[in-house]
Amino acid sequence: MTGIVEIEELLKSMSPEIRGGEYAFCTVGGELADYVHLNPLATYIEAEGLTLILAVETAEKANIPYEGKYKQITLTVHSSLEAVGLTAAVAAKLTAYNISANVVAAFYHDHIFVQSEKADEAITALKELAK
């Protein structure tokens, strides 16, 4: 099953939804295997360290520091990894509302992490974009 490539179709087909819970972006040393038991939502290995996206409660229980709390908004449209312009369109719309966008592209959907206190406003902005 291939995803949608055309930007106009992606925008009109997306239905952004806030997922439950709050997340923290954390950076740690060591190997991913050292943190698998924390069940991270996502991980990324950078030269400076391992990034974990964890539920806030998990980060706190494990005493892993973080700087902010984020809500996950999923663009519930199957976007192709080869689609051009979706991330730019989303970032531009959220920029107009002064909301930072931390984008994670997975196989089926794009996920936008926004500051928890701005999540409802971000949904409003993204729904405007989908019109």
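Residues numbered from 1 in each chain as written. Predicted model: local features only at pLDDT ≥ 70, side-chain atom pairs only at ≥ 80, totals over all residues. Heavy atoms only, no water.

Assigned secondary structure in the chain consists of four helices and seven strands. By the compact-globule yardstick of 14 Å for 131 residues, the chain fits well, its C-alpha radius of gyration being 15 Å. Taken along its principal axes, the extent of the C-alpha atoms in the chain is 45 × 35 × 25 Å. Expressed as a percentage of its 131 residues, the buried residues of the chain come to 40%. Across the chain, the fraction of contacts at a sequence separation of at least 24, relative to all contacts at a separation of at least 6, is 71%. Accessible surface, the chain as shown: approximately 7,700 Å² in total, 51% of it carbon and sulfur. Side-chain charges of the chain comprise 9 positive and 18 negative groups, with the mean position of each set lying 10 Å from the other. (Helix = DSSP H or I, 4+ residues; strand = E, 2+ residues; numbered from the N terminus. Rg over C-alpha atoms; globule rule 2.2 N^0.38 Å. Buried < 20%, exposed > 50% of the residue type's maximum accessible area, 1.4 Å probe, protein only. Contact = heavy atoms within 4.5 Å. Areas by Shrake-Rupley, 256 points an atom, 1.4 Å probe, with all protein chains shown as cover. Lys, Arg positive; Asp, Glu negative; His and termini not counted. Charge placed at Lys NZ, Arg CZ, Asp CG, Glu CD.)

Turning our attention to the side chain of S116. Relative to the elements of secondary structure, S116 occurs in the loop between β7 (110-115) and α4 (119-130). Among the residues examined, S116 registers a relative accessible area of 16% and is labelled buried. For S116, the residues in contact, after removing those within four places along its chain, are E22, K69, Y70 and K71.

The next point concerns the environment of I18. Tracing the backbone shows I18 in strand β1 (residues 16-18). Taking the C-alpha atoms as reference, I18 lies 11 Å from T124; in sequence the two are 106 residues apart. Beyond its immediate stretch of four places on either side in the chain, I18 contacts K71, Q72, I73, A119, D120 and I123.

So, on to a nonpolar patch on the surface. Together, L81, F107 and Y108 make up a nonpolar patch on the protein surface, roughly 350 Å² of accessible area in all. Following the sequence through the fold, F107 ends up in the loop between β6 (102-105) and β7. (Patch = residues over 30% accessible without salt bridge, like charges linked within 9 Å, V, L, I, M, F, W, Y side chains within 5 Å. Salt bridge = Lys/Arg side-chain N within 4 Å of Asp/Glu carboxyl O.)

Okay, the pattern of salt bridges next. Following the criterion strictly, the structure yields two salt bridges and no others. The salt bridge involving E17 is made with R19; its shortest N-O contact spans 3.6 Å. The exposure class assigned to E17 is partly exposed, which follows from its relative accessible area of 35%. For K93, the salt bridge is made with E128, and the minimal N-O distance between the two is 3.0 Å. Residue K93 is located in helix α3 (residues 86-96), and its partner E128 is located in helix α4; the two are separated by 35 residues in the primary sequence.

By themselves, these are just geometric observations and shouldn't be taken as functional.
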